[in-house]
Amino acid sequence: MIPTSLPGQIGFRPLCVRGVAYTLLVAAMMQGVFYETTSSAAGRFTEYGVTEIAQSLFLLMAIVLAIVARMIDRTLVPQVSLLLIGLLGASLIREQDSWLDKHVFDGAWQILVSLLIVPVLFMVVRKRQTFALQLERLANTFVFGMFAAGFLTVYVFSRLFGRSEMWKAVLGEHYLRIFKDAVEETVELFGYALLLIAMFELVLLIRRWQRASPT
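Only a predicted model underlies this, so the values are computations on that prediction, with no experimental measurement involved. (Residues numbered from 1 in each chain as written. Predicted model: local features only at pLDDT ≥ 70, side-chain atom pairs only at ≥ 80, totals over all residues. Heavy atoms only, no water.)

Examining the overall build of the protein
Step number 1: When its secondary structure is counted, the protein shows nine helices and zero strands.
Step number 2: Along the protein, helices and strands appear, N-terminal first, in the series α-α-α-α-α-α-α-α-α.
Step number 3: With the C-alpha coordinates aligned to their principal axes, the bounding extent of the protein is approximately 65 × 45 × 30 Å.
Step number 4: Out of the 215 residues in the protein, the part that is buried amounts to 42%.
Step number 5: Counting contacts in the protein only where the partners sit at least 6 residues apart, residues at least 24 apart contribute 75% of the total. (Helix = DSSP H or I, 4+ residues; strand = E, 2+ residues; numbered from the N terminus. Buried < 20%, exposed > 50% of the residue type's maximum accessible area, 1.4 Å probe, protein only. Contact = heavy atoms within 4.5 Å.)

Written as structure tokens, this is what we have:
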């Protein structure tokens, strides 16, 4: 019987190391954004820009980590990790919408997202009571807080902050679409970085839980 609350504390030294690592990650991310900002090449902050490519890369790495988490854990939070794989996978597909619409067919990304999300949701809903218990197990962890911050940043804040109407009102006659695109895509990139960190922390948390659980 797995207890609903398991030790998952992070030691002071590992906490400091991760803090430095995550700071460097964000700094490197912003250096990439700065490079794209100062680049004279066409296509800045478009589907083929550095920021968009980094978004897809962050999502891909987050998906791999979520899969690793599910592979090493069959008892603690497998239903939650399954849902995370579905959400992150759907986001990665959505980021490729322009390419899919152009090279496959218009609306291809919606079909692919549906083919991924529907079976995932079916499996989660079928074991909804187990899912609820597993979610409660994660609710007071650093992983949950980081994922919630990333989710809200990407799917709520970036969408509202990147509205054309607001930037037209702020910039007035000086409005250029690239201002809005730069802000929205950079905020979205930061949100994906938080999701990536959350998935890395999930893998580490599961390993700590497994070491603390009685055999």
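Now that the structure has been shown, we can carry on.
As for helix 2 (residues 50-72)
Step number 1: With 23 residues, helix 2 extends 33 Å between its outermost C-alpha atoms, agreeing within 8% with the 33 Å of an ideal straight helix rising 1.5 Å per residue.
Step number 2: Of the positions making up helix 2, those classed as buried are Thr-51, Glu-52, Ala-54, Gln-55, Ser-56, Phe-58, Leu-59, Ala-62, Ile-63, Leu-65, Ala-66 and Ala-69.
Step number 3: Where helix 2 is buried, its residues contact helix 1 (12-38), helix 3 (78-95) and helix 9 (177-212). (Expected span 1.5 Å × (residues − 1).)

Some points on the environment of Val-125
Step number 1: Structurally, Val-125 can be placed in helix 5 (residues 108-126).
Step number 2: Residue Val-125 is classed as partly exposed on the basis of its relative accessible area of 46%.
Step number 3: Separated by 46 residues in the primary sequence, Val-125 and Gln-79 place their C-alpha atoms 9.5 Å from one another.

Quick notes on the side chain of Glu-95
Step number 1: Structurally, Glu-95 can be placed in helix 3.
Step number 2: No salt bridge is formed by the buried Glu-95. Its closest oppositely charged neighbour is Arg-159, at 5.4 Å. (Lys, Arg positive; Asp, Glu negative; His and termini not counted. Salt bridge = Lys/Arg side-chain N within 4 Å of Asp/Glu carboxyl O.)

Geometric descriptors of this kind do not, in isolation, establish any biological role.
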